[in-house]
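Fold and geometry: a report
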Amino acid sequence: MGRRVLVTGGAGFIGSHTCLVLLEQGHEIVVLDNFDNSSPEALRRVQELAGSTQLTLVEGDVRDPKAVDQAFRTAGTVDGVIHFAGLKAVGESVANPLHYWDVNVNGSRVLAAAMDRHDCRTLVFSSTATVYGEPQTFPLREDMPMAPIHPYAQTKVAVEQILGALCRAGSWQVACLRYFNPVGAHPSGQIGEDPMGTPNNLFPFITQVAAGRRERLRIFGQDYATPDGTGIRDYLHVMDLAEAHGVALDRLFQRQNADPLTLNIGTGRGLSVLEVVHGFEQATGLTIPYELVERRAGDVPRLEACPQSAQTMLGWSARRTLEEMCRDGWAWQQANPTGYRNNS
Ligand code: NAD
Ligand code: UD1
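One structure accompanies this document, and this report is about it. (Residues numbered from 1 in each chain as written. Chains lettered and ligands numbered in written order. Predicted model: local features only at pLDDT ≥ 70, side-chain atom pairs only at ≥ 80, totals over all residues. Heavy atoms only, no water.)

**A closer look at the site of ligand 2**
Note the following rule: It suffices for a single heavy atom of a residue to lie within 4 Å of a molecule or strand for the residue to be listed as near it. Counted as a polar contact is a pair of N or O atoms within 3.5 Å, where, for protein atoms, one must be capable of donating a hydrogen and the other of accepting one, and residues adjacent in sequence contribute only when both atoms are in side chains. Per-residue accessibility takes into account occlusion by the displayed protein chains alone, with areas from the Shrake-Rupley method and a 1.4 Å probe. Under this grouping Gly is polar, as are all residues other than the nonpolar Ala, Val, Leu, Ile, Met, Phe, Trp, Tyr, Cys and Pro and the charged Asp, Glu, Lys and Arg.
Around ligand 2 lies a shell of 19 residues, among which Asn201, Arg218, Arg233, Arg296 and Asp299 are the nearest. Between Asn181 and ligand 2, the recorded distance is 2.9 Å, taken from a side-chain N or O atom to an oxygen atom. When ligand 2 sits alone it has 740 Å² of accessible area, and the protein chains cover 89% of it. Its residues assigned to classes, the shell around ligand 2 shows 8 nonpolar, 6 polar and 5 charged.

Okay, here's the thing in structure tokens:
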């Protein structure tokens, strides 16, 4: 059944793919985004791909109660909210923790207060695998302790705690989705990840090397206690992640008062940096020059999800392969060498 959904941060990487899935499911969407790290062009393309005009944009900041109220008024009635708007760069959070607490925590507080005012208490929240800190046992289950090691992760833990308290106070339906490493793009190559400046993350860096925009990949660390010495992560296709949001929201609409659904969203299969590089080479037929350099500060050796709870609670599991992640990410890079800027 079509619902009205408010999507904060809907123009971003994960948000844009999720908006597409929601439109394809027949939902109506209002996006609240200040374009701090995204472009309105993403939303234009989402509508084009969906063949739908059921998406309305409210440009504004999630920390601004007036902007959030405006988004609710524009929607008329909101059945549920997906809250992506936030910051995600670990290094930046170490350099500027107050900004991270303001955007991620204060933004979530302002949003939750507005939801309460507008009588909408159904929320899917973007959490992260980094809430587990530097774990020693794998795969990671949701009942393992949270042990954040930087301000970015600390802000996500704080929001999870606020949302837990709201659920205990009554009448909230919340899902905290702990994303592992989303990568790739929609298979059309029309929407994808559009980092500003030099990418921090592995996948966009690899696709920019493949495109000749950067000379070589620097692999951070070769002496981790992993089979080939490089870091292990649980990479999942962004379309699988987007679909998880659609399913989580549907699940919340069927639930009665309860604690938050806190779920890992990953594949359960960790891959090393070298495995990703070789997988990309195989999927595209290209060669990725690389050098092995020092570890990056703040990196942990390994993160790998136990995806069982998401399977049990949502009936969701990641379906797409590393080959599809590489092929689709590369298609996006080739079609949009400079992202959404100057090539529409
Ligand atoms: P993104 O930067 O592409 O998207 C975030 C969106 O929020 C952008 O469109 C940005 O313009 C918007 N935004 C930022 N601050 C805002 C504000 N104050 N008011 C309104 N809009 C604002 O990031 P993403 O990768 O799509 O991540 C989405 C969410 O998922 C974030 O909360 C992030 O912390 C979380 N997350 C991401 C990853 C990942 O690997 N990408 C992993 C775990 C969690
Ligand atoms: C990083 C953040 C994480 C955030 C996510 C999305 C850190 C420590 N973690 O996750 O909190 O949610 O991005 O923004 O920043 N790598 C290279 N060379 C590169 C880039 C990365 O070797 O140029 C390696 C890293 O050392 C790591 C792996 O590739 O082993 C994945 O890195 P990345 O894509 O940045 O993701 P995370 O560090 O897991």
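**What about the environment of Phe253?**
Definition in use: Only runs of H or I of at least four residues qualify as helices and only runs of E of at least two qualify as strands under DSSP, and these elements are numbered from the N terminus. Note on contacts: a residue pair is in contact if any heavy atoms of the two residues lie within 4.5 Å.
Note on placement: Phe253 falls in helix H8 (residues 238-254). Distance from Phe253 to Thr155, taken between C-alpha atoms, is 27 Å for residues 98 residues apart in sequence. Apart from the residues lying within four places of it in its own chain, the contact partners of Phe253 are Arg3, Asp79, Gly80 and Thr122.

**A short note on the site of ligand 1**
Taken together, 28 residues surround ligand 1, and among them Asp33, Asn37, Ser38, Phe84 and Lys88 come closest. Between ligand 1 and Asp36 there is a distance of 3.0 Å, counted from an oxygen atom to a backbone nitrogen or oxygen. Side-chain polar atom of Lys156 to an oxygen atom of ligand 1: 2.9 Å apart, as the coordinates give it. In the complex, the protein chains occlude 94% of the 820 Å² of accessible area that ligand 1 would expose alone. Listed by contribution, the elements that provide at least two residues to the shell around ligand 1 are helix H1 (13-24), strand S5 (122-128) and helix H6 (151-169). A per-element tally of the shell around ligand 1 places S5 first, with 3 residues. Its residues assigned to classes, the shell around ligand 1 shows 12 nonpolar, 10 polar and 6 charged.

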